[in-house]
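Now for the letters of each chain:
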Amino acid sequence: MDFSGTAILVVGDVMLDRYLVGDVTRISPEAPVPVVHLEKRWSVPGGAGNVARNLSRLGVSARLTGLVGDDAEGRSLAEAVAAEGIEAALAVSRERATTSKTRILGHGQQLLRLDEERVGPLTGAELAPLREAVARLLTGSRAVIISDYGKGVFLRREDGESLCAVIMDLAREARIPVLVDPKGADWARYAGAACVTPNMAEFRLACGLAAGARPEAAERRELAEGLCRKYGFARLLLTRGARGMTLYAPGEEPVNIRAVVREVADVSGAGDTVIATLAACVAGGLSWADSAAVANAAAGVAVGKAGTAPVSVAELNEALREGRDNPKLYSVPALARKLEEWRRKGERIVFTNGCFDLIHPGHVALLRQAAALGDRLVVGLNADASVKRLKGPERPIQDEMSRALVLAALQMVDAVVLFGEDTPERLIRAVSPDVLVKGSDYRVEDVVGADFVLGRGGEVRLVDLVDGCSTTGLVRKMRPGAADLAAGGGHA
């Protein structure tokens, strides 16, 4: 995907997201609460700012307007937005503080969130600069995103004026599609939008359903199309978490998109990723159905990250490739990002490698023992060219993608990454595992990468092998007289 040259305007509730991260080893003697030893802290744009941040990471020329306070948080937010390369026009209010959320995390888990906010309609002094900013930044934009977090920017004033109405009128005149991430029960202020993207809770609220209601497919369609007709929406994209997404448009068959199966680290910010990716794709010329499918892939990446982390265009392209194969297959850059997430949660990384040409009980035993030595097992897999050099011209029996898919299907394996060299030395340095595993037919001093791992304070473990299990033996049984072709088979 390439979104360069595409400009998109985001209007909405901007906020500052703070993260305080540390280690938790004891309970406070003063109260039954965990004591967090602070190790690091950072701040990023949140709310509508996170939508713009997602756009920028996708290569879009992101534009942003919203309201901040005349305070240190507002200045920090402006600096963070500028650092992301976002063109921003943030109106400054002297009547309310910058909305901010402070999250305290220990061992990768959120322990507490502190919210600072004042919710209420815009004053005349606050609305005027926002109206001017929208009119200016709309010029040259290919789409507009309304990011409503319910903090007041889009609430209707007593005199009937609304920033939503301003956006809708200007976008209609310019023939620019408006996409809305909605909030609350009254969606009349979004009337005429090209698409709204509610989650299931927001959808139930707008439909007047009970909080725990689970309408069946036919009823969901009726309700979704009813909302579209009532408010003049061209379409509605319902995000359903682990159940995927459904795109509705009156008079058309719904488009169901299955969720990408991934480990979920944090769902916060996933909605921002969805609407940003959807808008980028539509503005780039893709159909709404194709755009929704790409947005679904981006959401799969977003929920695998801790905090409100955006998805880059490289990660999106990688996810689209993985979607055709298997979510456990990684390139080295993608694996590096995943390792960072696992380590942030304090997880212990184990690494082993081999050709794994024909999976047999010996392989399974090795992998099971390796997985038991830590929290995450990464398997380095020799690429086809590497196997040929090591094993001979008749190997591998299965190509690298077939071998990778079989490995990835094993429950104890968390990641599979190909390497093309004759040894995994470079890959081991990239992974920097806590534990390096080989079979007991090796000596520690002969294990490639052992010096590096031990030098970092890691371990090298030699695990038991299963007698009589080898690729050589399997090849001999399948192709009598072919033992020479399988030379060097061993357990790999």
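Here the structure is a predicted model, which is why all the values come from computation and not from measurement.

The helix and strand tally for the protein chain stands at 16 helices and 19 strands. Across the 492 residues in the protein chain, those meeting the buried criterion constitute 53%. For the protein chain, the share of sequence-separated contacts (at least 6 apart) that also reach a separation of at least 24 residues comes to 69%. A total of about 21,500 Å² of accessible surface is found on the protein chain, and carbon and sulfur atoms cover 51% of it.

With that settled, the discussion passes to the sheet that holds strand S17 (residues 415-419). Pairing within the open sheet is parallel, and its six strands lie in the order S14-S17-S16-S15-S18-S19. Because the sheet does not close on itself, it has two edges, and the strands there are strand S14 (329-330) and strand S19 (459-463). As paired strands, strand S15 (residues 349-354) and strand S16 (residues 376-382) are joined by six bridges and run parallel to one another. Pairing of Ile349 across the sheet is with Arg376, part of S16. The strands touched by helix H11 (residues 361-371) within the sheet are S15, S16, strand S18 (435-439) and S19, with S16 carrying the most contacts at an inclination of about 140°.

Once that is clear, we can look at the pairing of strand S9 (residues 178-181). The two faces of S9 match: Val178 and Val180 on one face and Leu179 and Asp181 on the other face are all buried. Across four bridges, strand S8 (residues 143-147) lies against S9 in parallel orientation. Its bridge partner being in S9, Ser147 is matched across the sheet by Asp181. Note on the crossover from S8 through helix H4 (residues 163-174) to S9: the handedness is right-handed. With two bridges connecting them, S9 and strand S10 (residues 195-196) associate as parallel partners. Across the sheet, residue Leu179 finds its bridge partner in S10, namely Cys195.

A few words now on unusual backbone geometry. In this structure, Arg175 takes a positive phi of about 55° despite not being glycine. Examined against the element boundaries, Arg175 turns out to sit in the loop between H4 and S9. Look at Arg175 and you get exposed, because its relative accessible area is 79%. If you check the backbone angles, Ser432 has positive phi at about 50° while not being a glycine. Looking at the element boundaries, Ser432 is found in the loop between helix H14 (425-431) and S18. For Ser432, a relative accessible area of 14% puts it in the buried group.

A few words on helix H3 (residues 124-138). Since one α-helical turn is 3.6 residues long, residues separated by three or four positions face the same way. In a regular helix each residue adds 1.5 Å, so 15 residues correspond to 21 Å; H3 covers 21 Å between its end C-alpha atoms and thus fits that length. Those residues of H3 that sit buried are Glu126, Leu127, Leu130, Ala133, Val134, Leu137 and Leu138. Projection of H3 onto a plane perpendicular to its axis shows the buried side chains occupying an angular sector of 130°, all on one side.

Quick look at the pattern of salt bridges now. For side chains bearing opposite charge, pairing can occur when the charged atoms are close. Tallying each qualifying case throughout the model produces 32 salt bridges. Across the pair Glu132 and Arg136 runs a salt bridge whose closest N-O atoms are separated by 3.6 Å. Placement of both Glu132 and Arg136 in helix H3 is noted, with a separation of four residues, approximately one turn of the helix. What makes Arg136 partly exposed here is its relative accessible area of 42%. A salt bridge links Arg221 to Glu225; the shortest N-O distance between them is 3.0 Å. Highlighted residues: Arg221 and Glu225, both in helix H6 (residues 217-231), separated by four residues, approximately one helical turn. On the basis of relative accessible area, Arg221 is assigned to the partly exposed category, the value being 25%. Glu225 gets classed as buried once you look at its relative accessible area, which sits at 8%.

Parameters and conventions
Residues numbered from 1 in each chain as written. Predicted model: local features only at pLDDT ≥ 70, side-chain atom pairs only at ≥ 80, totals over all residues. Heavy atoms only, no water. Helix = DSSP H or I, 4+ residues; strand = E, 2+ residues; numbered from the N terminus. Buried < 20%, exposed > 50% of the residue type's maximum accessible area, 1.4 Å probe, protein only. Contact = heavy atoms within 4.5 Å. Areas by Shrake-Rupley, 256 points an atom, 1.4 Å probe, with all protein chains shown as cover. Pairing = 2+ DSSP bridges. Axes fitted to C-alpha atoms, helices over the stretch in contact; angles between N-to-C directions. Right-handed = clockwise from strand over helix to strand, strands pointing away. Expected span 1.5 Å × (residues − 1). Arc of directions from axis to C-beta. Salt bridge = Lys/Arg side-chain N within 4 Å of Asp/Glu carboxyl O.

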